[in-house]
Amino acid sequence: MAKRRMDERISRWEEFYQATEGDPPCDTLVKALDLFASETVSSGGLFAVDLGCGSGIDSLELLRRGWRVLAVDSQPEAIQRLRARLQPEQVARLETQIASFEDLVLPQADLVNASFSVPYCAPHGFDLFWSKIVMSIRAGGRFAGQFFGLHDGWAHDPTMTFHSQEEVKKLLSQFNIETFDEIEEEGKTSLGQDKYWHIFHVVARKAA
């Protein structure tokens, strides 16, 4: 799996964006897009929400493949960086929203992409946040993203949300799971800090 991982303690957002800007799109997004491509003659008209878009890697891949995109991030600089990288023909297909996960207003979408972003919703707001995601995805649409497990090195952080395997599968009860990879390993953050990762990589299709 391509790993674009963000330390919630990073105060120097510019350094994080620079460290990840050249990364490839997340593997879960690519898997979801390939599944859509196998089902659909054209991506024209398909609409995705990219939650926690960061430097815009996944949003740009969606746009490259012809999707319309709503890119969401709490940091204005993230949106500025994304817009600065657009091709002229992509401008009309991108909408942006600067908002915290707790304050999100989500439209109906064919895909909600949340690459390494869902865990950054605080526990007190997570249930509402997740219900917004589920309600926004059309029947036959998909969720692609990651959840952090209980053994993760940041699991003691009260501002983040972590789940057991059973809890993640319960969250996906309205979906048919297409990818479910649980990873535990020593690794590093995007800025080179040592960290133990416990991650669930998910692609799931909402039941009709």
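Quick caveat, the model's predicted, so the values are computed rather than measured.

Section: the side chain of lysine 206
Piece 1. Take lysine 206: it is sitting in strand E7 (residues 194-206).
Piece 2. Of the side chains bearing the opposite charge, aspartate 110 lies closest to the buried lysine 206, which forms no salt bridge; the N-O distance is 11 Å.
Piece 3. For lysine 206, the side chain forms a polar contact with the main-chain oxygen of valine 134, separated by 2.6 Å.
Piece 4. Leave out the neighbours within four places in its chain, and lysine 206 touches Val134, Met135, Ile137, Arg138, Ala139, Gly140, Gly141, Gln174 and Phe175.

Topic: the packing of aromatic side chains
Piece 1. Across all of its chains, the model carries 12 aromatic pairs by this definition.
Piece 2. Their ring planes at 80 degrees and their centres at 5.0 Å tell us that phenylalanine 36 and tryptophan 67 sit as a pair that is edge-to-face. Of the two residues, phenylalanine 36 is situated in helix H2 (residues 27-39) and tryptophan 67 in the loop between helix H3 (57-64) and strand E2 (68-73); the sequence distance between them amounts to 31 residues. For the residue pair phenylalanine 36 and tryptophan 67, the accessibility class agrees, reading buried in each case.
Piece 3. Aromatic side chains phenylalanine 148 and tryptophan 197 sit 6.0 Å apart centroid to centroid with 75 degrees between the ring planes, which places their arrangement in the edge-to-face category. Placement of the pair is phenylalanine 148 in strand E5 (residues 137-148) and tryptophan 197 in strand E7, with a sequence separation of 49 residues.
Piece 4. You can call tryptophan 197 buried: its relative accessible area is 0%.
Piece 5. Cation over ring: arginine 142 sits above phenylalanine 36, and NZ or CZ is 4.7 Å from the ring centre.
Piece 6. Just above the ring of tryptophan 197 sits the side chain of lysine 195; from NZ or CZ to the centre is 3.5 Å.

What counts as what
- Residues numbered from 1 in each chain as written.
- Predicted model: local features only at pLDDT ≥ 70, side-chain atom pairs only at ≥ 80, totals over all residues.
- Heavy atoms only, no water.
- Helix = DSSP H or I, 4+ residues; strand = E, 2+ residues; numbered from the N terminus.
- Buried < 20%, exposed > 50% of the residue type's maximum accessible area, 1.4 Å probe, protein only.
- Lys, Arg positive; Asp, Glu negative; His and termini not counted.
- Salt bridge = Lys/Arg side-chain N within 4 Å of Asp/Glu carboxyl O.
- Polar contact = N/O pair within 3.5 Å; in protein donor to acceptor, adjacent residues only side chain to side chain.
- Contact = heavy atoms within 4.5 Å.
- Phe/Tyr/Trp six-rings, centres within 6.5 Å; stacked < 30°, edge-to-face > 60°.
- Lys NZ or Arg CZ within 6 Å of the ring centre and 35° of its normal.

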